[in-house]
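# An overview of the molecular structure
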Amino acid sequence: MVLIDILISGLILGGMYALVAMGLTLQYGVARILNLAYGEVLIASAFATYVLYTGFAISPLLGLLIVLPLAFAANWLIYRVMLTPLVKRARNRVTLEIDSILATFGLLFVLQGIAFVVFGGQYYSYSYLSVPLHLGGSIVSVNRLLALGFAAALGIALYLALTRTRSGTAIRAVAVDPTSAQLVAINVRRVAGFAFALGGAMCAAGGVLTSMFLTFNAAMGVVFTMKALIVVIMGGVGNLLGALLAGLLLGLIETFVARLVDPGLTLAANFALFLAVLLIRPQGLLGRRAS
Amino acid sequence: MTTTLSGFAASAFVASMIGAFAIAGPAQAQTAPASVKIGYAISKTGPYAGGASITTLPNYQVWVKDVNEAGGIMLGGKRVPVEVVEYDDRSNSEEAVKAIERLATQDKVDFILPPWGTGLNLAVGPTFNRLGYPQLAVTSVTDRAPELAKRWQNASFWLGTSAQISHALVDLLAKLRTEGKIGNKVAVVSVADQFGVELINAGRAALKKANFELVYDKTYPLGTQDMQPILTEAMRAAPDTFIAFSYPPDTMAITDQSRVLGFNPKVFFTGVGAAFPLYKQRFGANANGVMGIGGWNADAPALKAYLKRHTEVTGREPDRWASPITYASLQVLQQAIERVGKLDRAAVIKEIHNGTFKTIIGDVKLKDGLLQEVWAVGQWQDGEFYGLAPMNYAGARQAVTPKSAWKAQ
């Protein structure tokens, strides 16, 4: 009974972690951009959802239809304008990683600054689908369940798209080896830009869905970036199913510890798990060892 | 407008009369400066921005506007407008210290207003002290306040101590138990940082002393927003009273998830954030009956005028805990400057610590650098967050217990 309860609430929490991390795994794994402004994009979509819902009575779920394409376009633009020059001049993966960290670190402050100017520093929170649902003897909130559902659906759909379709294969080829991918007539920059934009849209999906139950303000982006980074590295960089698995695992262990050991140790348990994965499988749960 | 300002105008008038008597010397009357330079460094970005932008910065803005619309601070027989120098401390104590130094040495401001939060106020305390500026450390709750006020004679503390909050809460609970409204069982959760730890330590001791039974007592890491596991366990212990010494995001999460879980203790108490207008806006009628840290005597005309004025100027309502006290501390500063009659910081510090002042929260007289009357426990009743405890304060309301069950939202 308690175990089922833990399992369900752990999966729900883990679903949120996975959802938040999936976009980053695409951006980092395929486009090779370690996007430090990731959390800011997530917060921006949370604000957009808030404005749409409280100002225009557009529900967050309908809001997805507006925010996601916008985020896709904005991220594509960021890649074209800001990151393409870095990609062009980068001689290898390491220089691109360092340059992209510096550039997106700057972007973080720009986005955060805009959010502070527009929304100030105060907390925002609204209520949507905060409705209890009885599930196997335990109670879950519909909005959180929805986030889990989205994470699972997006993760699996994108995994299938990546493994079963031609353009998906191209994306994976770029992720594995950008230089050789060019030899088989893959436009690496276009594919990487697409992956970055797609990652941005998924990040926005995370922002829209988590804004239904999390209290946020303009300063909180970095919290999400850090959480997402842990999940991405744990799952294996660039691996969507890995991110899903790692997110769910983190959620489960956190809930397990909070219920049966001590809620004060949840962070410690999270980092212990992260450390264990790094020690045993440095490439991540489902990651491939770098050649 | 006229009714709004009457409270302010009256106190300004009283202050200016006193000021007029104080500056008897004609020599001083000629040395009135062109402006009074007020500087502050505030967390406009970073993790403290959430608190600073609800409690501190809006009140600085409202006060400056109020003072300047009235012509300024009365100095040497004439009104001198206030000029502001503002920095962002980025929620970083080194930045805050640097900014205070800069305000004093480069901008040469006459007075410096404090940053937001216990941590930053303690961090800049030695600097304020060394530079000889009065420090109105309003938004700092610490059990070390009495000791610090002794060490830093320039500093004053305005939100009481953690022990005061916990003791007032336990006194209220003991009264409710005597009246037969609640039983003995208490569940407590607290955020694992200095604020939460001080509150729970004092609270735990007070609860045990009052013979309450602690059926659940856990802490959670700062930043936790998934409260379901904690609440489920607390719920299983079937407490009469649930206490959370929490911060705003967790306060919102605890309330929302308690509602989803149908966790309905007779007393439901949350920490910082319960007194925010956001709480009322987010939970609507469900806020009614919720208790939290803070409170005010909402029926007092001066506070009603303040609520209206604050909303007009900033577009938002103030929080019902430290906001009115922040504004009152600025009124005290102004009146102290006017009584001294010149920009003599040492004399102003002395006056702040010894004088009695008319403010929106009533007559203020500090004792050993500490504000004495601070609301510890408030409760949402019909859309307003009234002070409940300490129970002997003027305007203290009766607690509504048991809190009615959460409604679907």
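The structure under discussion appears in the preceding block.
In what follows, the accompanying structure is described. (Residues numbered from 1 in each chain as written. Chains lettered and ligands numbered in written order. Predicted model: local features only at pLDDT ≥ 70, side-chain atom pairs only at ≥ 80, totals over all residues. Heavy atoms only, no water.)

### Brief notes about the overall build of chain A
For chain A, the count of helices and strands is 11 helices and 2 strands. Listed N to C, the secondary structure of chain A is α-α-α-α-β-β-α-α-α-α-α-α-α in terms of helices and strands. Compactness check: chain A gives a C-alpha radius of gyration of 19 Å against a globular reference of 19 Å for 291 residues, within 12% of the reference. For chain A, the C-alpha atoms occupy an extent of roughly 55 × 45 × 35 Å along the three principal directions. Counting over 291 residues, chain A shows a buried share of 55%. Within chain A, contacts between residues at least 6 apart in sequence are counted, and of these 76% link residues at least 24 apart. Counting every atom, chain A has about 12400 Å² of accessible surface; 72% of that belongs to carbon and sulfur. Counting 17 positive and 7 negative side-chain charges, chain A places the centres of these two groups 14 Å from one another. (Helix = DSSP H or I, 4+ residues; strand = E, 2+ residues; numbered from the N terminus. Rg over C-alpha atoms; globule rule 2.2 N^0.38 Å. Buried < 20%, exposed > 50% of the residue type's maximum accessible area, 1.4 Å probe, protein only. Contact = heavy atoms within 4.5 Å. Areas by Shrake-Rupley, 256 points an atom, 1.4 Å probe, with all protein chains shown as cover. Lys, Arg positive; Asp, Glu negative; His and termini not counted. Charge placed at Lys NZ, Arg CZ, Asp CG, Glu CD.)

### As for the interface of chain B and chain A
Residue-level contacts link 35 residues of chain B with 33 residues of chain A. Each partner contributes to the roughly 2800 Å² buried at the junction of chain B and chain A, and carbon and sulfur atoms together form 54% of this total. Linking chain B to chain A there are 3 salt bridges. For lysine 218 of chain B, the salt bridge goes to aspartate 262 of chain A, with nearest N and O atoms at 3.7 Å. Counting across the interface, chain B meets chain A through 14 residue pairs in polar contact (both at pLDDT 80 or more). For the side of chain B that touches chain A, the elements supplying multiple residues, two or more each, are helix H3 (49–69), strand S9 (213–220), helix H9 (228–236), helix H10 (248–261) and helix H11 (277–283) of chain B. (Buried area = accessible area lost by both parts, 1.4 Å probe. Salt bridge = Lys/Arg side-chain N within 4 Å of Asp/Glu carboxyl O. Polar contact = N/O pair within 3.5 Å; in protein donor to acceptor, adjacent residues only side chain to side chain.)

### Quick look at the pairing of strand S14 (residues 362–365) of chain B
Sheet topology places strand S13 (residues 356–359) of chain B next to S14 of chain B; 4 bridges connect them, and they run antiparallel. Counterpart to phenylalanine 357 of chain B in the pairing with S14 of chain B is valine 364 of chain B. (Pairing = 2+ DSSP bridges.)

### As for the environment of valine 2 of chain A
Note that valine 2 of chain A resides in helix H1 (residues 2–29). Sequence separation between valine 2 of chain A and serine 138 of chain A is 136 residues, and the spatial gap between their C-alpha atoms is 8.8 Å. When neighbours within four sequence positions are excluded, valine 2 of chain A is seen to be in contact with Arg259 and Leu260 of chain A together with Arg236 of chain B.

### Overview of a positive patch on the surface
Residues and elements named next belong to chain A. A cluster of basic side chains, namely Arg80, Lys88, Arg189 and Arg190, defines a positive patch on the protein surface. Inspection of the secondary structure assignment puts arginine 190 in helix H8 (residues 188–210). For arginine 190, a relative accessible area of 61% translates into the label exposed. (Patch = residues over 30% accessible without salt bridge, like charges linked within 9 Å, V, L, I, M, F, W, Y side chains within 5 Å.)

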